[in-house]
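# Coordinate inspection notes
As a plain string of letters, each chain reads:
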Amino acid sequence: MVTVEANAKINLTLDILGKREDGFHEVAMVMQTIGLHDTLTLEKTDGAIELSINVPWLKADEKNLAWRAAEIIRQECGLQGGVRIELTKRIPVAAGLAGGSADAAAVLKGMNELYGLGLSQQKLCELGAQLGSDIPFCIMGGTMLATGRGEVLTRLADMPETWVVLAKPRISVSTAWAYQNYDEQGAEKHPDNKAIERAIARKNRKAVAGLLCNVLESVTIKKYDVIAEYKEMMLDNGAMASMMSGSGPTVFGLARSREQAEAIANVLRQETNADVFVTRTFQMNRIKA
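The structure displayed is predicted, hence computed values, not measured ones. (Residues numbered from 1 in each chain as written. Predicted model: local features only at pLDDT ≥ 70, side-chain atom pairs only at ≥ 80, totals over all residues. Heavy atoms only, no water.)

### Some remarks on the sheet that holds strand β8 (residues 163–168)
We apply this condition: When DSSP finds two or more bridges between a pair of strands, those strands are recorded as paired. To qualify as a helix, a DSSP run of H or I must reach at least 4 residues; to qualify as a strand, a run of E must reach at least 2; elements of each kind are numbered from the N terminus. Only C-alpha atoms enter the line fits that serve as axes; for helices the fit covers just the stretch in contact. Angles between N-to-C directions range over 0 to 180 degrees.
Ordered in space as β10-β11-β8-β12, the 4 strands form an open sheet in which the pairing is antiparallel. Taken across any chain shown, the strands that pair with only one partner, and hence form the sheet edges, are β10 (241–244) and β12 (275–280). The sheet shows a mean angle of 20° between the axes of neighbouring strands, direction not considered. The sheet contact formed by β8 and β12 spans 6 bridges and is antiparallel. Note on β12: the bridge partner recorded for Ala 167 is Val 276.

### With respect to the UniProt feature "domain: GHMP kinase C-terminal" (unreviewed entry) in the chain
Rules: UniProt positions are given in the numbering used here, feature names are shortened, and annotations may be inferred rather than shown by experiment.
Here the UniProt feature "domain: GHMP kinase C-terminal" (unreviewed entry) sits at residues 198–270. Span residues 198–270 is 56% helix and 15% strand, its end C-alpha atoms 37 Å apart.

### A look at the domain arrangement of the chain
Filter applied, for reference: The start and end points of each domain follow an automatic or database-based domain assignment. Two residues qualify as a contact provided that any one of their heavy atoms is within 4.5 Å of a heavy atom in the partner residue. When two components associate, each loses some accessible surface as probed by a 1.4 Å sphere; the sum of these losses over both components is called the buried area. The salt bridge definition used is simple: a Lys or Arg side-chain nitrogen within 4 Å of an Asp or Glu carboxyl oxygen. Definition of a polar contact: a pair of N or O atoms within 3.5 Å, with one able to donate and the other able to accept a hydrogen when the atoms are protein atoms, and with sequence-neighbouring residues admitted only if both atoms are side-chain atoms.
Taken domain by domain, the chain comprises domain 1 (2–155) and domain 2 (163–286). Between the C-alpha centres of domain 1 and domain 2 the distance comes to 22 Å. Taken together, the 36 residues of domain 1 in the interface contact 35 residues of domain 2. Summing both partners gives a buried area of about 2700 Å² for domain 1 against domain 2, and 63% of it is carried by carbon and sulfur. Together, Leu 12, Leu 14 and Ile 16 form the three largest contributors to the area buried by domain 1 at its contact with domain 2, with a combined 21%. On inspection of domain 1 and its partner domain 2, the count reaches 0 salt bridges. Along the contact surface separating domain 1 from domain 2 lie 18 residue pairs in polar contact (both at pLDDT 80 or more). Counting only elements with at least two residues in the side of domain 1 that touches domain 2, the list comes to β1 (2–11), β2 (13–19), β3 (25–45), α4 (135–140) and β6 (143–147).

### Looking at the packing of helix α1 (residues 65–77) against helix α3 (residues 121–129)
Defined as follows: Any angle that falls under 35 degrees is termed roughly parallel, while one over 145 is termed roughly antiparallel, one within 65 to 115 roughly perpendicular, and all others oblique. The hand of a helix crossing depends on one turn: near helix anticlockwise from the far one by less than a right angle means left-handed, and clockwise means right-handed.
Interhelical geometry of α1 versus α3 gives an angle of 120° and a closest axis separation of 10 Å. As summarised for this structure, α1 and α3 are arranged oblique, according to the angle between their axes. In the packing of α1 onto α3, the handedness of the crossing is right-handed. Residue-level contacts link Ile 72, Ile 73 and Glu 76 of α1 to Lys 123, Leu 124 and Leu 127 of α3.

Okay, here's the thing in structure tokens:
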């Protein structure tokens, strides 16, 4: 039996450089692992893949990324045996936090360990990229520049540990919808990835906070003004910066301390119906795969 944690991510930046011939978008974004995580327990079976999830309405079948990750390992390595996966969800679903990708990454790593396959991290990333663009990042984790369609990763200096408040509105945003609407309207402001990389390397939280930028944010806010409301609430209560993660709708705020993060979270819990979490940045490269 193997237990693996599947950590969420936030985007410190997200830029779209254009549409690719394969239909995907060319992106350049700085992504950061955070401590909020799902937990997956994997156990060998005689042949089948079995998936159980503590969220009853989530489908636990062959369409689930965790299931598909187990199957791709079985096919790649010619495994006769299967796996029983117990998934405890804490990361909100369809939230811009890569929860499904994180679960798939955890299954790839867990199957590798459970069956003693000896697959390299690079090989796991190649398999993960066949299932989703965020999965390679979720395998490697930490602080990364992601380019290509998100699967080409460059490790950056570690983001200085920073407390993070997350507020997930009671809405879902389709990633495909967000990108399609971006194609139609574009963005006035684009991130300066080189500048934020330098700020991270200098361990300058304030400078990092001042450089947060997500080109999808203006697209999504036009339809869901609750995102702008949550941002304003975080800033009004002392957050260094606040931004939407990924294609949304989760809004995060960077806080100066745990105490400040908890105070911001308490206001959001009292004044909104959001799902609110307090966590911190996390360096996955310090834990074993």
